[in-house]
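Structural description and commentary
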Amino acid sequence: MKPKDEIRSQILSKVKKIVIKIGTGVLTTDNGYLDKEQIRGLAEQVVELKKMGYCVVVVSSGAIGSGMGELGIGKRPTTLPELQAVAAIGQSKLISMYDACFKLHGYHAAQILLTREDFEDRQRYLNTCNTIHTLFQLNAIPVVNENDTISVDEIAFGDNDALSAMVMNLLNAELLIILSSVDGLYDRYPTAKSKAVIIPVVEDVSDEIRQLAFNTKTQRGVGGMQTKLEAASAVIKAGEAVVIANGRVGKVLRRVVRCENIGTLFLPKKKRLTSRKRWIGYTLKPKGKVYVDDGAMNALVEKGKSLLATGIVTVVGTFQKGDIISICKKGGGMIFAKGLTNYSSGEIDKIKGHSTSAIGKVLGYKLYDEVIHRDNMVILLD
Ligand code: GLU
């Protein structure tokens, strides 16, 4: 393996588009108010990256945190209407502060509030992408957040780490910088005595790495290291890089793009997925599942084949032709692939286990040979 510094510069020198995710803990003071000095400093750094020629999108948390500060609430509300109301108050403060800070340098803050539904619908997805690209030409810096005020469970991203991974896919950006209140991924639980150190480079978000996600959640934020690792895993599988670093360290953004050894760098997997495959594999929410036998799993994973009815053992959920579904190993195994199905759940239930040539007889018609064509499928394993 090449020396770590060489790997860093090799990867980071190719970057053109950057998504910067900023967590609530980085943006608010201990008493919950937005930290104006901190936001001013980050805005200055973002502008510096713009001037260096990068296209930059900020994914900013802090709506709920700042709303809590405004209202003087010490503990995060627990009911949905309260959270949504607090977010509505906080989001306007948040975007005004970004706008004021970017204005000092002649840039606008452009507010983009999204729900998961905007990513599910291909037309809305492409519109969002076009809008962001237009903003790049208008001296504006897109500041994205979840539309907390209308998000309910079914349409929520859950956390902004997941949202930032989806924004990476949306833009085919090459680098996600997650700014958090910790320095990166520690090799053990950090205490005064534990001599924990930051892992500089991670090649794979393995089970071992996942076990290092100690609870670092803040009172006003949502995520913690676990959601960051899941976001990093999705991004590197799509073929792009991630750095988790401390947003309160001076000039952190400049230092990351200048390849300094700061934070934890997650290396991209070799193969870059096309934007359509990213959308299928890492953006769309599956509507159901099929469980397949070992032979089918092997054909899909090792031989790059399409999914045929004969290898399907069980179908779970109700879905239509054209929906995205997960493909799992039989016997309750993990999801190892996702794809757009050519048949509905009802049809699959009838043709499962049958050879392709028998589909016509079983259903009375045959739409396709494959249940999921290879071109509409993404394998999630490395
Ligand atoms: N959208 C939430 C907010 O602005 C943050 C979610 C998160 O931090 O992951 O408060």
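First, a word on what this report is: a plain description of the structure on this page. All values derive from a computational prediction rather than experimental measurement.

Its place among the elements puts N376 in the loop between α15 (359-363) and β13 (377-379). Judged by its relative accessible area of 16%, N376 is buried. Among residues more than four places away in sequence, those in contact with N376 are R276, I280, K338, G339 and L340.

To continue, consider the sheet that holds strand β5 (residues 175-180). One key point about sheets: their strands pair by backbone hydrogen bonds, in either a parallel or an antiparallel sense. Spatially, 8 strands are ordered β3-β4-β2-β1-β5-β7-β8-β6 in an open sheet, and the strand pairing comes out mixed. The open sheet terminates on both sides in strands that have one partner only, identified here as β3 (108-114) and β6 (201-202). Across 2 bridges, the pairing between β6 and strand β8 (residues 264-266) is parallel. What sits directly across from V202, in β8, is F266.

Let us look at the state of the cysteines. One pass over the full model with this rule turns up 0 disulfides. No disulfide involves C55; its sulfur sits 11 Å from the nearest other cysteine sulfur, which is in C129. The exposure class of C55 is partly exposed, given its relative accessible area of 26%.

How each quantity is defined
- Residues numbered from 1 in each chain as written.
- Predicted model: local features only at pLDDT ≥ 70, side-chain atom pairs only at ≥ 80, totals over all residues.
- Heavy atoms only, no water.
- Helix = DSSP H or I, 4+ residues; strand = E, 2+ residues; numbered from the N terminus.
- Buried < 20%, exposed > 50% of the residue type's maximum accessible area, 1.4 Å probe, protein only.
- Contact = heavy atoms within 4.5 Å.
- Pairing = 2+ DSSP bridges.
- Disulfide = S-S within 2.5 Å.

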